[in-house]
Amino acid sequence: VGKVALLLLAPVGAALVTAYAIYVLLEDVSGLAAGIDVSGRQRLLAQQIHAYSSMIVSGHDEDRDGLRELVAEFDSALAALERGGVAMQYILEPAPLPVQDGLAEVRQRWPDYRAAALTVADSPAGSAALDEAEVLVDEQALTVIVAAGRMVALFEAHSRRQHQYLMGLMAVLVVLNSLAV
């Protein structure tokens, strides 16, 4: 009776282990999708900040609040990617280790771009401060956009590695499950 029970419980145990492993890995992969989305949004926000700054310099004062909102959104999402938290409609875990270099690059380039963009938002039309800030925004825009793009690429590469790992694990678990039967 003991051997029969063991033979009956082995496939059930293997199925439970398989289900748990798949659940854990799918949770990780779904978290990566959110990270990819938010980091891609960071790249878009950097582009929009540049565009809004240009619009303000050309006389569209109604875009000043929008520029401030874009900067605040970038700040919030960057903090969520670094430490975990809410960004967009996602609750994020801190970015995984393989993405940290890209995140650090964005964090390094962001403060100067941020300061210049807020100076554009706050400076009176036609002022020297506005003109100087516009030059800085133009100089910094591409570096932040490229850094954010690199962060997206690192998230995507990590996601592909995790997917490959999941597929390999599933293959091993299928073999183990077939042996348990």
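About the thresholds
- Residues numbered from 1 in each chain as written.
- Predicted model: local features only at pLDDT ≥ 70, side-chain atom pairs only at ≥ 80, totals over all residues.
- Heavy atoms only, no water.
- Helix = DSSP H or I, 4+ residues; strand = E, 2+ residues; numbered from the N terminus.
- Rg over C-alpha atoms; globule rule 2.2 N^0.38 Å.
- Buried < 20%, exposed > 50% of the residue type's maximum accessible area, 1.4 Å probe, protein only.
- Contact = heavy atoms within 4.5 Å.
- Areas by Shrake-Rupley, 256 points an atom, 1.4 Å probe, with all protein chains shown as cover.
- Lys, Arg positive; Asp, Glu negative; His and termini not counted.
- Charge placed at Lys NZ, Arg CZ, Asp CG, Glu CD.
- Axes fitted to C-alpha atoms, helices over the stretch in contact; angles between N-to-C directions.
- Parallel < 35°, antiparallel > 145°, perpendicular 65-115°, else oblique.
- Left-handed = near helix turned anticlockwise from the far one by under 90°.
- Nonpolar A, V, L, I, M, F, W, Y, C, P; charged D, E, K, R; others polar.
- Salt bridge = Lys/Arg side-chain N within 4 Å of Asp/Glu carboxyl O.

J.: Tell me about the overall build of the protein, residues and numbers included.
T.: The helix and strand tally for the protein stands at four helices and two strands. Over its C-alpha atoms the protein spans a radius of gyration of 24 Å, topping by over 25% the 16 Å that the globule rule assigns to 181 residues. Buried positions account for 36% of the 181 residues belonging to the protein. For the protein, restricting intrachain contacts to residue pairs at least 6 apart in sequence, the fraction spanning at least 24 positions comes to 75%. Surface exposure of the protein reaches about 10100 Å², of which carbon and sulfur atoms provide 64%. Where the 12 positive side-chain charges of the protein centre and where its 22 negative ones centre are 11 Å apart.

J.: Report on the packing of helix H2 (residues 64–83) against helix H3 (residues 100–122), specifying residues and quantitative values.
T.: Two elements in contact, H2 and H3, have axes separated by 10 Å at closest approach and are oriented at 160 degrees. The pairing of H2 with H3 is recorded here as roughly antiparallel in orientation. Where H2 crosses over H3, the handedness of that crossing is left-handed. Residues Arg64, Leu67, Arg68, Val71, Phe74, Asp75, Leu78, Leu81 and Glu82 of H2 pack against Leu103, Val106, Arg107, Trp110, Arg114, Ala117, Leu118, Val120, Ala121 and Asp122 of H3. Class assignment for the residues of the contact of H2 with H3 results in twelve nonpolar, no polar and seven charged.

J.: Could you give me a rundown of the pattern of salt bridges, with the residues and numbers involved?
T.: Taken as a whole and judged by the stated rule, the model has nine salt bridges. The salt bridge involving Arg68 is made with Asp65; its shortest N-O contact spans 2.8 Å. Remark: Asp65 and Arg68 occur in helix H2; sequence separation between them is three residues, near one turn of the helix. Arg68 gets classed as partly exposed once you look at its relative accessible area, which sits at 29%. Each of the salt bridges in this network shares a partner with another, and the network as a whole consists of Asp65, Arg68 and Asp122.

J.: Can you explain unusual backbone geometry? Please cite residues and give values.
T.: Even without a glycine there, the phi angle at Met88 is positive, about 55 degrees. Following the sequence through the fold, Met88 ends up in the loop between strand E1 (85–87) and strand E2 (90–92).

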